[in-house]
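Remarks on the overall topology
Given next are the chains, with one letter for each unit.
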Amino acid sequence: MAVATANYVRVVIDRAIHRELDYQVPETLAPLVNVGSRVRVPFRDKSALATVLAVLENSDVRGIRPLEAIVGDGPILSSELLELAKWMSAYYCCPIETVIRSLLPQVVRKAQVSWKKQLFVRPGRELGAEELDTLRKRAPRQAELAAAVSRLTEPVAAADLLRKLSLDNQTLRALAKRGLAELREEAVARDPHAEDQIVPTSNLALNLEQVAALGTIQQALDAPAEARPILLHGVTGSGKTEIYLQAIRSTLDHGRTAIVLVPEISLTPQTVERFKGRFAERSDMVAVLHSHLAEGERHDEWHKIHSGRARIVVGARSAVFAPLKDLGLIVVDEEHESTYKQEDAPRYNARDVAIVRAKMGKCVVVLGSATPSLESYFNASRGKYQLVNLTQRIDDKQMPQIRITDLRQERRKHKTAAILSEKLITAITARLEKREQTILFLNRRGFSTSLLCSECGEARECPNCSVALTFHRQVARLSCHLCGHTAAVPKKCPNCGKDALIYAGFGTEKVESTVSQLFPQAVVRRMDADSMTRKDAYRETLRAFRTGKIDILVGTQMIAKGLHFPNVTLVGIINADLGLHLPDFRAGERTFQLLTQVSGRAGRGEVMGEVFVQTYTPFSPSIQFARHHDFQGYFEQELEFRERCDFPPFKHAVLITARSNHEGRAKLTAETLVRRLKESLGSEFTVGDAMPAPLEKLQGQYRFHILLRGEAIMRLSRLLRETLDKLPFPEDVMVAVDVDPYQLL
Ligand SMILES: [Zn+2]
Ligand SMILES: [Zn+2]
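**A word on the environment of Leu668**
- Here Leu668 is to be found in helix H21 (residues 663-681).
- Taking relative accessible area as the criterion, Leu668 reaches 53% and is therefore assigned exposed.
- Distance from Leu668 to Phe471, taken between C-alpha atoms, is 36 Å for residues 197 residues apart in sequence.

Written as structure tokens, this is what we have:
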């Protein structure tokens, strides 16, 4: 292959300067530098790390400086991933250096961590019987070790061997000196799942619907260039994971590799073991990427993928950038999940990036969900995606019976707001008698959600954010769930000085304590961010629940997803209205998804499940459609609303946030920007007014929103970038651009 003479390189440095720079390549480095190489370059009066975007024969930049060094062993960014980075930069209106920072883990970019080295031992020259005898007399320990080493059929870790024989390093060194053992340092992977018990599994039998779904994916794998993205719409418990596993097997059989994206919260040991167990033919076949890896582990997993040893990657959002070659399949499980959206720059959605990466690399993409996002289902209904339905639970298990409890009636009857309705209490009692398990769901942490003064009406607010502080009883403090600020509980109202403070609203901590009082004989555990602070707590609680040591599990969204417990026959949703009335066009969609997902936890075993949904708005469409397991009905109704309001999927939205410690400057910046955008965007796009954000103050900063809408998102992004580049913003105002936003708060 002819290689272009590398006289110059064009790079982006690891700092957001919004510019590409050219450097000269010294002759000695020319054969080593390539597109995707990491290099060290002089920048201003310092040096900086950078990524090579292009190798050039000529450059017309004057006063060009030479690059200083090449970092690492070879290019770490393939041209395919560089293409993807450029697309993301254009689509998400974000500098390419910021995109590359997301694409490559820091530990890989900086190349400061390397492999863990371990000493391996193998037999040296042959040991004669006579020599062994002499050795036995003079150095019995060396003799013992020599005998063990001579029996080795493959190299073993020296430390393991010495431990087994209770011998020390000195003995081994002496043996090596005599030539009776050969020592070599080798790189070993730090395997975060080394302690997991991996039980090899084989394909499970599929039902007819699963067979058809797998067939569709296999057809696509046979002709990936023509394949459309596949949307796998399967009810909870319909066996989607088994389809993924068998589709990955087909992908490997085609000589290609696969990525499986799962929401971080579903990336449980149970999930990882399932993939590792199915592809257990080689221990490094499956790499796992998520945010809880130690730096060394992340380095090893990444290089395991980069070197081609791992052929399957299971991971959270950023695993969409896994450096696999010959990618044949990307699965995005729970594709509707908001955690696929990154809330910092680059504000990308991993599902959408997966579709683009698949298109660029001619590979198959499968989106799976029990509650597809409106965008994906819309694409399927228009024929842009191929729709595959799974309407049956595996083994013909019934969908749970969903009952709505009207909390307004309960309140009229009992004159106070109950946490558990009478019907739910009766249902829990019945489960306890039958030794079946219950899950109670409330998506709000803490004990009381506000502390109010009954005299002057003032609530304790966070000094940094415009939200009320939540009371946590266990630590006896007030805390802000947005910025983490905590405060002591005042004895008297700090505003009027009266002794009239009352606690209002409730969270999971209060539910746990109420349930424990109502059912003193039951074992109750809580699972939320407050109770799961220890590293192993999550795993331990799930294990205890699975083995039946817990009767009632109370939790937040941590327990809503993907968990599979055959003995859970009752799910209680304590307050379905949380989230329904947020000022966000996705509020209804999220509520429908959450209710369906949580309900899906019930009745995964032999007994049919029952779900109680407690609500003050029993007739809201999201709740009614979820109750009847009617996705189609919900979809049509919601789509009509979105069309009427020009919201996605009909128009793209872009949310701009201007924030500052200084309220006036944030506001002025937003207003100026609106004026400029109205001039530069033209009538093709709608520019909303500068408005205080629903969450006006966050972490001490005042926030103003501008919402843009339009169809041609690439053009909108470009025009927006040009306008922003021309505007001189005050130093203390930050402007953030969010294309296809998920959070409007
Ligand atoms: Zn007061
Ligand atoms: Zn706060």
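**Side note on the coordination of the zinc ion (ligand 2)**
- Protein ligation of the zinc ion (ligand 2) involves Cys462 (SG), Cys465 (SG), Cys480 (SG) and Cys483 (SG), the donor distances falling in the range 2.2 to 2.4 Å.
- Because the angles between the four donor atoms bound to the zinc ion (ligand 2) fall within 103 to 114°, the donor set is best described as tetrahedral.
- Written as a sequence motif, the donor arrangement for the zinc ion (ligand 2) is C-x2-C-x14-C-x2-C. Of this pair, Cys465 sits in the loop between strand S18 (450-453) and strand S19 (470-472) while Cys480 sits in the loop between strand S20 (477-479) and strand S21 (486-487), and the two are 15 residues apart along the sequence. Pair check on accessibility: Cys465 and Cys480 agree, each one buried.

**A look at helix H14 (residues 407-414)**
- If you check the start of H14, you find a side-chain oxygen 2.9 Å away from the backbone N of Arg408, and it comes from Asp406.
- Among the residues trailing H14, Lys415 stands out with phi positive, at a value near 65°.

**Digging into the sheet that holds strand S17 (residues 437-441)**
- One open sheet holds the six strands; their spatial order is S16-S26-S25-S17-S24-S23, and the pairing between them is parallel. Because the sheet does not close on itself, it has two edges, and the strands there are strand S16 (401-406) and strand S23 (524-527). For this sheet the average axis-to-axis angle between neighbouring strands, irrespective of direction, equals 20°.
- The sheet contact formed by S23 and strand S24 (residues 552-555) spans four bridges and is parallel. Looking at the pairing, Arg525 lines up with Leu553 of S24.

**Remarks on the packing of helix H8 (residues 208-222) against helix H9 (residues 240-253)**
- Look at H8 against H9: their axes get within 10 Å of each other, and the N-to-C directions meet at 30°. By the angle class used here, H8 and H9 are roughly parallel. Handedness of the H8/H9 crossing: right-handed. Taking contact as the criterion, the partners of Gln210, Ala213, Leu214, Ile217, Gln218 and Leu221 in H8 are, on H9, Glu242, Ile243, Gln246, Ala247, Ser250 and Thr251.
- Residues that form the contact of H8 with H9 fall into these classes: six nonpolar, five polar and one charged.

**Focus on unusual backbone geometry**
- Backbone torsion omega between Ala345 and Pro346 reads -5°, so that peptide bond is classified as cis.
- Its place among the elements puts Pro346 in the loop between strand S13 (327-333) and helix H12 (350-360).
- With an omega dihedral of 5°, the bond running from Pro648 to Pro649 counts as a cis peptide bond.
- The backbone of Lys362 sits at a positive phi, close to 50°, despite the residue not being glycine.
- In this structure Lys362 comes out as partly exposed when scored by relative accessible area, which is 49%.
- The backbone of Asp646 shows a phi angle near 60°, a positive value even though the residue is not glycine.
- Inspection of the secondary structure puts Asp646 in the loop between helix H20 (631-644) and strand S27 (652-660).

Each value, and the rule that gives it
Residues numbered from 1 in each chain as written. Chains lettered and ligands numbered in written order. Predicted model: local features only at pLDDT ≥ 70, side-chain atom pairs only at ≥ 80, totals over all residues. Heavy atoms only, no water. Helix = DSSP H or I, 4+ residues; strand = E, 2+ residues; numbered from the N terminus. Buried < 20%, exposed > 50% of the residue type's maximum accessible area, 1.4 Å probe, protein only. Donors = N, O, S within 2.8 Å, 3.2 Å for Na, K, Ca; no water. Tetrahedral: all angles 85-135°; square planar, octahedral: opposite > 155°, others 65-115°. Polar contact = N/O pair within 3.5 Å; in protein donor to acceptor, adjacent residues only side chain to side chain. Pairing = 2+ DSSP bridges. Axes fitted to C-alpha atoms, helices over the stretch in contact; angles between N-to-C directions. Parallel < 35°, antiparallel > 145°, perpendicular 65-115°, else oblique. Left-handed = near helix turned anticlockwise from the far one by under 90°. Contact = heavy atoms within 4.5 Å. Nonpolar A, V, L, I, M, F, W, Y, C, P; charged D, E, K, R; others polar.

Coordinates in, geometry out; function isn't part of it.
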